[in-house]
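These are the residues of each chain, in order.
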Amino acid sequence: MLKALLARAQQGHRTIGFPKAAPTLPDRFRGLPVIDADKCPSGCRECVDVCPASAIQIEGQRVQLDLGRCLFCPECERACPHGAIRFTQEYRLAANRRDVLVLRGQEYELAQALDKKARRLFGRSLKLRQVSAGGCNACEADVNVLNTVVFDLGRFGIQFVASPRHADGLLITGPVTRNMHLALRKTYDAVPPPKLVIAVGACAIAGGPFANHPEVHNGADGILPVNLYIPGCPPHPVTILDGLLRLLGRLPQPRNGAHK
């Protein structure tokens, strides 16, 4: 016992200061991508051709990037000869609607809090059943790490439960493979209403690198109503935590819910 107490004293406080303090992110962290349309010459398709997830398209003369499909690899940034695409350190990525995730040069609309009635139900005690619907275990790992002492998800009243009958909603990862379709549907039906659905990662949002494969359903929102989308491949644990707290109204809302 004495050794344990000494080790604890040496380690000090391990839980991060977020959300009261800004998170410390590694230099190589890739967050919200930014496209400088003024640097995009007409006819250039370097970024479109190199994207492994078909997340970048040319609409008219404007480049658009689907954050829901983006794998946050650096291929487009490396391939662009004009430096028109760059990844920032902006970790706040969660959104309420799928269409918001398609970047066309507009301000990115961050997730807004649930309505007053829903916040009264879930704001201080949210129980989630996590469903891995064919995921590679990357998103699952970053969800699980939220339960460690570093992030301490329980301090916000958010917990993962074993039974959907004890849950307030589902947190889904993976592209929803054909053999997980029925299981996901049954799990959703077992959650008592009112209930939430949260799609975490590119696979759960749009199928990720498996999009349009005959064995996957291209994410969750073709099967279930999704309340919160958290992009990434995988999203950083702070990105997931920020999205959850934002949905519950536990974070200050930016003006108009957007950031550049």
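Our structure is the block above this text.
Residues numbered from 1 in each chain as written. Predicted model: local features only at pLDDT ≥ 70, side-chain atom pairs only at ≥ 80, totals over all residues. Heavy atoms only, no water.

Focus: unusual backbone geometry
Thinking step 1. With omega at -5 degrees, the peptide bond leading from Pro193 into Pro194 counts as cis.
Thinking step 2. As for its position among the elements, Pro194 is in the loop between helix H6 (178-190) and strand S10 (196-200).
Thinking step 3. The step from Cys233 to Pro234 runs through a cis peptide bond, and the omega angle for that step is -10 degrees.
Thinking step 4. Within the secondary structure, Pro234 is located in the loop between strand S11 (228-230) and helix H8 (237-247). (Helix = DSSP H or I, 4+ residues; strand = E, 2+ residues; numbered from the N terminus.)

Regarding the packing of aromatic side chains
Thinking step 1. In the structure shown here, the tally under the stated rule is two aromatic pairs.
Thinking step 2. Each ring, one from Phe18 and one from Tyr91, has its centre 5.9 Å from the other, and the planes form 80 degrees; the classification is edge-to-face. Note that Phe18 is positioned in the loop between helix H1 (2-11) and strand S1 (33-35) and Tyr91 in the loop between strand S4 (85-87) and strand S5 (102-103), a separation of 73 residues in sequence. One exposure class covers both Phe18 and Tyr91, and it is buried.
Thinking step 3. With centroids separated by 6.0 Å and ring planes inclined at 45 degrees, the aromatic side chains of Phe72 and Phe87 adopt a geometry described as tilted. Residue Phe72 is located in the loop between strand S3 (62-66) and helix H3 (75-79), and its partner Phe87 is located in strand S4; the two are separated by 15 residues in the primary sequence. Here Phe72 and Phe87 have matching classes, each one buried. (Phe/Tyr/Trp six-rings, centres within 6.5 Å; stacked < 30°, edge-to-face > 60°. Buried < 20%, exposed > 50% of the residue type's maximum accessible area, 1.4 Å probe, protein only.)

Notes on the sheet that holds S11
Thinking step 1. The parallel open sheet is built from five strands, whose spatial order is S8-S7-S9-S10-S11. Two strands in the sheet have a free side with no partner beyond their single neighbour: strand S8 (158-160) and S11. For this sheet, the mean inter-axis angle between neighbouring strands, taken without regard to orientation, is 25 degrees.
Thinking step 2. Inspection of the sheet shows strand S9 (residues 169-173) paired to S10 by four bridges, in the parallel sense. Bridge pairing in S10 links Leu171 to Ile198.
Thinking step 3. In the packing of H6 onto the sheet, the strands contacted are strand S7 (126-132), S9 and S10, and the crossing angle to S7 comes to about 170 degrees. (Pairing = 2+ DSSP bridges. Axes fitted to C-alpha atoms, helices over the stretch in contact; angles between N-to-C directions. Contact = heavy atoms within 4.5 Å.)

Concerning the sheet that holds S5
By way of backbone hydrogen bonds, the strands of a sheet pair with one another, either parallel or antiparallel.
Thinking step 1. Taken in spatial order, the three strands line up as S2-S3-S5 in an open sheet, and their pairing is antiparallel. Whereas interior strands pair on both sides, the edge strands pair on one side only; in this sheet they are strand S2 (56-59) and S5.
Thinking step 2. Relative to S3, S2 runs antiparallel, the two sharing four bridges. In the sheet register, Glu59 faces S3, and the bridge partner there is Arg62.

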